[in-house]
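# A look at the structure
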Amino acid sequence: MGLVGTIERRMREAQYRAATTAKVGWFSTFYVMGRHIVGPLTKPGEVPKPSKTPAPSLATMRAAFGQLFDDEWADIDRGVYRMPREFRERPDPFRSLSNARDYLREARAVAKRAHTPGGGVEVRERTSDDLPNYYRQNFHFQSDGWLSERSAKVYDTQVEVLFTGSADAMRRRALPFIAEEIRRLVREGRAESDIHFADVACGTGRLLSDVVDNFPDLSISAVDLSEPYLGEARRAAEGARNARFIGAPAEKLPFADGSVDILTTVYLFHELPPKVRREVAAEIARVLKPGGLYVHLDSVQYGDTSMDALLEGFPAAFHEPYYDSYCKEQLAELFGEAGLEPDGQRVGFLSKASAFRKR
Ligand SMILES: C[S@@+](CC[C@H](N)C(=O)[O-])C[C@H]1O[C@@H](n2cnc3c(N)ncnc32)[C@H](O)[C@@H]1O
């Protein structure tokens, strides 16, 4: 690489580092404010359970956090995917401030629910029982559960605050698997527009927007049970030339057998009861083409890192009723029983992308 190339590369790295540092600083500030508003992570009179594993040191957490961004930069530098749009474009300060204001307002409502015995299922009273019972909960103690525009609008900020600005970078640990697969299929002669990519439980479309930014011609199906979240996903995937947004359950996907090339789920499985996880795994295997790729991104599990104590405390503090059982789940077995074989893994801070191929 010549001098100009080296300078350009250094400048791009400086752009990435400056943007990620600013993002982490911004969301860390709201993390501290949010923790102050929510207060103790136990209900009144409840004694916190001692964790079975020692708490990770600050140095351990910092190293894992830094590694996530080092790994992402290495992928961008190698051209695996583009500099994320969020770091290419100038942030909109008014939007950031109004998101922060909504987050802080919502933190008060979260605190109330978190400190009320039995809090976290009030959404059941206001929602139709056409939806699965396990779904009708105020996950993370959030107002309206998954089922309102207000919830969909504040969700991205809540997740970024919780992970102090690392949530999108963690989601993007799925992207190298997806990008490499698309390029492989294109090398085999497939047109990008002929490749069927499905993001199941797409939520507000955070991963989707990065996929679209890199592969705007893909044939995309975005599925979620929440109409308000799908509405946000539609906006996030602006620029997609060939995308449809479908309200449907992951247990009954609206696709024919063997019709999907690449399927992703991001932060879905830890929200599902163990029995439903098996139904969804079977459904993923049903709709994938033989040789098709499934990329599963979710929390790290017990034993993946030396930060197990953080995972142990999470379910009660953040109303995650199925999280502990998810952290014990053997993914190779769960998906193996459905006919999917492990095909690689990437850990990024507190998340893990695991690839599986349909036999
Ligand atoms: C934790 S959010 C993750 C959303 C998104 N993938 C992301 O990365 O932020 C879980 C999402 O899964 C959806 N969801 C939960 N259970 C579902 C099911 N059985 N079928 C379809 N969507 C489901 C919720 O509506 C919500 O949008």
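Model, not experiment: these values are computed from the prediction. (Residues numbered from 1 in each chain as written. Predicted model: local features only at pLDDT ≥ 70, side-chain atom pairs only at ≥ 80, totals over all residues. Heavy atoms only, no water.)

### Here we look at helix 11 (residues 308–317)
- All of the buried residues in helix 11 are D308, A309, L311, F314, P315 and A317.
- The secondary structure elements touched by the buried residues of helix 11 are helix 5 (149–162), strand 5 (288–299) and helix 12 (323–328).
- Trailing helix 11 by a residue or two, H319 shows a phi angle of about 45°, which is positive. (Buried < 20%, exposed > 50% of the residue type's maximum accessible area, 1.4 Å probe, protein only. Helix = DSSP H or I, 4+ residues; strand = E, 2+ residues; numbered from the N terminus. Contact = heavy atoms within 4.5 Å.)

### Focus: unusual backbone geometry
- Even without a glycine there, the phi angle at H140 is positive, about 60°.
- If you trace the backbone, H140 turns up in the loop between helix 4 (93–114) and helix 5.

### Quick notes on the pairing of strand 5
- Burial of strand 5 is extensive: nine of the 12 residues sit out of reach of the surface.
- Inspection of the sheet shows strand 4 (residues 260–266) paired to strand 5 by six bridges, in the parallel sense. Considered in strand 5, the bridge of V266 is made with L297.
- With respect to chirality, the unit in which strand 4 leads through helix 10 (residues 274–287) into the neighbouring parallel strand 5 is right-handed. (Pairing = 2+ DSSP bridges. Right-handed = clockwise from strand over helix to strand, strands pointing away.)

### Topic: the UniProt feature "domain: Methyltransferase" (unreviewed entry) in the chain
- Under the local residue numbering, the UniProt record ascribes the feature "domain: Methyltransferase" (unreviewed entry) to residues 199–292.
- Along residues 199–292, the helical share is 35% and the strand share 27%, with 14 Å between the first and last C-alpha atoms. (UniProt positions renumbered as here; feature names shortened; annotations may be inferred.)

### Examining the site of the ligand
- The immediate surroundings of the ligand are formed by 21 residues, with Y134, Y135, R171, A201 and D224 found nearest.
- Between the ligand and L225 there is a distance of 3.3 Å, counted from a nitrogen atom to a backbone nitrogen or oxygen.
- A250 places a polar main-chain atom, nitrogen or oxygen, 2.9 Å from a nitrogen atom of the ligand.
- Here the ligand loses 99% of its free accessible area of 590 Å² to cover by the protein chains. (Near = heavy atom within 4 Å. Polar contact = N/O pair within 3.5 Å; in protein donor to acceptor, adjacent residues only side chain to side chain. Areas by Shrake-Rupley, 256 points an atom, 1.4 Å probe, with all protein chains shown as cover.)

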